Amino acid sequence: MTQKSLHKRHSELANSKRQLEILSNGIFQNGDLPTFKNKIAETNQFPLKAKKLEILQINVGYMCNQVCEHCHVDAGPDRKEIMTRETMQQCLDVIEKTGAHTLDLTGGAPEMNPDFRWFVEEASKVGIKDFIVRSNLTIIRANKKYYDLPEFFKKHNVHVVSSMPHWTRGKTDKQRGDGVFDKSIKALQDLNAIGYGMPNSNLKLDLVYNPSGAFLPGNQAALEKDFKKALLDDFGIQFHNLFAITNLPISRFLDYLIASENYEDYMYALVEAYNPAAVTNVMCTNTLSVSWDGYLYDCDFNQMLELPVNSKAKHISEYKEQLLEGRNIVISQHCYGCTAGAGSSCQGSVA
Amino acid sequence: MQKTYYDPSDLKKFGKISDWNEELGSKFFEYYNSVFKEGALSEREKSLIALAVAHTIQCPYCIDAYTGDGLQRGITKEEMMEALHVAGAIRGGASLVHGVQMMNKVNKLEM
């Protein structure tokens, strides 16, 4: 099990430029597989253009209590990048004036940011329709100071979205670390106990499934059915929706693909499963990702690859809707991850 | 000419069998896709049956395909191995049940 981030290990894959080189060389350079640009051009979908902003996703820091094998953020306890209250205030100023219906806080473990609670309290006053916090669940059981998080989420009507790679202990712990499954189960029971995830409850609790290896996610609806049955039968746990998310070939997942000699087969699988219908609804067209230091990206993956938005407005402090709407989305071969099969986004399937 | 009978990358070319007989190839794939759709049995159950049969007929392409298919569906390795033991039990049983024939013959011939 991984204990340190790629950054801490000084791995060459901690370097985003190196990752982009790998994604452009080999099978894509020699023509065995088409580049993403050429593929979407076949159906006249190049360049991909940003539509009206619907989802503002804010990454409040890369620090995390877990070191998951597949993490595209390369998050972990050793990452020190944390959003300051000043940058949070700049985000709040934008949230107030934008028409986006969803605010989506992510990390790392967003709860580890010392100003997390202040930010949630302030942001919940703005009256955004859907206020998501991506919680890894184990943080709720990691330390006494986090035990009241379910109540805190409830108080601010936060929509909790949590990762759960499988309904069995073995597959979960292999991907996310020893003990993660049991802690996640306890956290889900705590959330259920105060109404989260219960049938007809307004306290939304969704789970994120992503494959624990070099394969694509299966049908989202079928997986949701299996998850619901197993979690209810085995632990009495209920939740609302399951989002099936494809692992994108960047950062630690790319490192895993290369080390396990699965990289080429995985890229072939992504390209073979390419679905032009998924391109139409790909999340970068209605989402803006803000990094811990306030810079703007088309998505969280581009943020990790340090591919900034193609716009004059590069920072949240420079945010102007007219400068960002209609911008050309920055793409590379990792984008195949969002267009395979039924498509993939932070909200699950798109096609 | 390749030096081995099986090449994993050939699995990707399966669809090409239609190139030399479009009508029968298309009919086969249409049938194949219909078979695996949810019916009285779920797609998940069918995937496990396919995995067990793949091992019975010892088709490396099918083993590759239905191991991957099972993982995508969230099927665990414990479930996969149990399915294989069903295949193993039937194969073993098929040999052993013929033992009755052997025993009948021995009983007939021996004094």
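A short tour of the structure in this document, coming up. (Residues numbered from 1 in each chain as written. Chains lettered and ligands numbered in written order. Predicted model: local features only at pLDDT ≥ 70, side-chain atom pairs only at ≥ 80, totals over all residues. Heavy atoms only, no water.)

## A look at the state of the cysteines
Stage number 1. As enumerated under the stated definition, the model contains one disulfide over all chains in all.
Stage number 2. Across the disulfide from Cys59 of chain B sits Cys62 of chain B; the S-S distance is 2.5 Å. Its S-S torsion of about 75° marks the bond between Cys59 of chain B and Cys62 of chain B as right-handed, since a negative value means left-handed.
Stage number 3. As a non-bridged cysteine, Cys68 of chain A has Cys64 of chain A as the owner of its nearest cysteine sulfur, 6.3 Å distant. (Disulfide = S-S within 2.5 Å.)

## Looking at a negative patch on the surface
Stage number 1. Together, Asp32, Glu264 and Asp265 of chain A together with Asp64 of chain B line one region of the surface with negative charge.
Stage number 2. By the secondary structure assignment, Glu264 of chain A is in helix H11 (residues 263-272). (Patch = residues over 30% accessible without salt bridge, like charges linked within 9 Å, V, L, I, M, F, W, Y side chains within 5 Å. Areas by Shrake-Rupley, 256 points an atom, 1.4 Å probe, with all protein chains shown as cover. Salt bridge = Lys/Arg side-chain N within 4 Å of Asp/Glu carboxyl O. Lys, Arg positive; Asp, Glu negative; His and termini not counted. Charge placed at Lys NZ, Arg CZ, Asp CG, Glu CD. Helix = DSSP H or I, 4+ residues; strand = E, 2+ residues; numbered from the N terminus.)

## Considerations on the interface of chain B and chain A
Reports often express the size of an interface as the amount of accessible area lost when the parts come together.
Stage number 1. In this assembly, nine residues from chain B lie in contact with 15 residues from chain A.
Stage number 2. Surface buried jointly by chain B and chain A totals about 890 Å² across both partners, of which 53% is contributed by carbon and sulfur atoms.
Stage number 3. Counting the surface chain B buries against chain A, the share from its top three residues, Lys12, Leu71 and Gln72 of chain B, is 54%.
Stage number 4. Asp226 of chain A is the salt-bridge partner of Arg44 of chain B, the closest N and O atoms lying 3.3 Å from each other.
Stage number 5. At the junction of chain B with chain A, the criterion picks out three residue pairs in polar contact (both at pLDDT 80 or more). (Contact = heavy atoms within 4.5 Å. Buried area = accessible area lost by both parts, 1.4 Å probe. Polar contact = N/O pair within 3.5 Å; in protein donor to acceptor, adjacent residues only side chain to side chain.)

## Topic: unusual backbone geometry
Residues and elements named next belong to chain A.
Stage number 1. The residue after Phe46, namely Pro47, is reached through a cis peptide bond having omega -5°.
Stage number 2. When you line up the elements, Pro47 lands in the loop between helix H2 (36-42) and strand E1 (55-59).
Stage number 3. The amide bond that connects Gly107 to the next residue, Gly108, takes the cis arrangement and shows omega of 20°.
Stage number 4. Checked against the element boundaries, Gly108 lands in the loop between strand E2 (102-106) and helix H4 (116-124).
Stage number 5. A positive phi is found at Asp74, a non-glycine position, where the angle reads about 60°.
Stage number 6. Within the element layout of this structure, Asp74 appears in the loop between E1 and helix H3 (85-97).
Stage number 7. Look at Asp74 and you get buried, because its relative accessible area is 2%.
Stage number 8. With a phi close to 75°, Leu137 is a non-glycine residue in the positive phi region.
Stage number 9. Inspection of the secondary structure assignment puts Leu137 in the loop between strand E3 (130-135) and helix H5 (138-142). (Buried < 20%, exposed > 50% of the residue type's maximum accessible area, 1.4 Å probe, protein only.)

## Side note on the packing of helix H2 (residues 43-56) of chain B against helix H3 (residues 60-72) of chain B
All names here are of chain B.
Stage number 1. In contact at an axis separation of 9 Å, H2 and H3 are set at 155° when each is read in the N-to-C sense. In terms of orientation, H2 lies roughly antiparallel with respect to H3. Helix-helix and strand crossings are classified by hand; for H2 and H3 the assignment is left-handed. Of the residues in H3, those touching H2 at Ser47, Ala50, Leu51, Ala54 and His55 are Cys62, Ile63, Tyr66, Thr67, Asp69 and Gly70.
Stage number 2. Tallied by class, residues from the contact of H2 with H3 come to six nonpolar, four polar and one charged. (Axes fitted to C-alpha atoms, helices over the stretch in contact; angles between N-to-C directions. Parallel < 35°, antiparallel > 145°, perpendicular 65-115°, else oblique. Left-handed = near helix turned anticlockwise from the far one by under 90°. Nonpolar A, V, L, I, M, F, W, Y, C, P; charged D, E, K, R; others polar.)

## Notes on the environment of Asp104 of chain A
Residue and element names in this part refer to chain A.
Stage number 1. Within the secondary structure, Asp104 sits in strand E2.
Stage number 2. Its relative accessible area of 0% is what places Asp104 among the buried residues.
Stage number 3. Sequence separation between Asp104 and Val120 is 16 residues; the distance between their C-alpha atoms is 11 Å.
Stage number 4. For Asp104, the residues in contact, after removing those within four places along its chain, are Ile55, Leu56, Gln57, Ile58, Ile132, Arg134, Cys346 and Gln347.
Stage number 5. Side chain to side chain, Asp104 and Arg134 meet in a polar contact 2.8 Å long.

## Some points on the pairing of strand E5 (residues 205-209) of chain A
Residues and elements named next belong to chain A.
Stage number 1. Counting buried positions along E5 yields five of five residues, so the element is predominantly enclosed.
Stage number 2. Burial along E5 is two-sided: Leu205, Leu207 and Tyr209 and Asp206 and Val208, pointing in opposite directions, are all buried.
Stage number 3. Sheet topology note: the strand E4 (residues 159-163)/E5 ladder contains four bridges and is parallel. The partner of Ser163 across the bridge, within E5, is Val208.
Stage number 4. In terms of strand pairing, E5 meets strand E6 (residues 242-244) through three bridges, oriented parallel. Note that in E6 the partner of Leu207 across the bridge is Leu242. (Pairing = 2+ DSSP bridges.)

## Some remarks on the pattern of salt bridges
All names here are of chain A.
Stage number 1. The full count for this structure, using the stated rule, is 23 salt bridges over all chains.
Stage number 2. Among the ionic pairs, Asp298 bridges to Arg327, the shortest N-O distance being 2.7 Å. Here the residue Asp298 occupies a position in the loop between strand E8 (296-297) and helix H13 (300-304), and Arg327 occupies one in the segment after helix H14 (321-324), the gap between them amounting to 29 residues.
Stage number 3. Look at Arg327 and you get buried, because its relative accessible area is 7%.
Stage number 4. Via salt bridges that share partners, Asp74, Arg79, Glu81 and Arg252 belong to a single interconnected network.

Coordinates in, geometry out; function isn't part of it.
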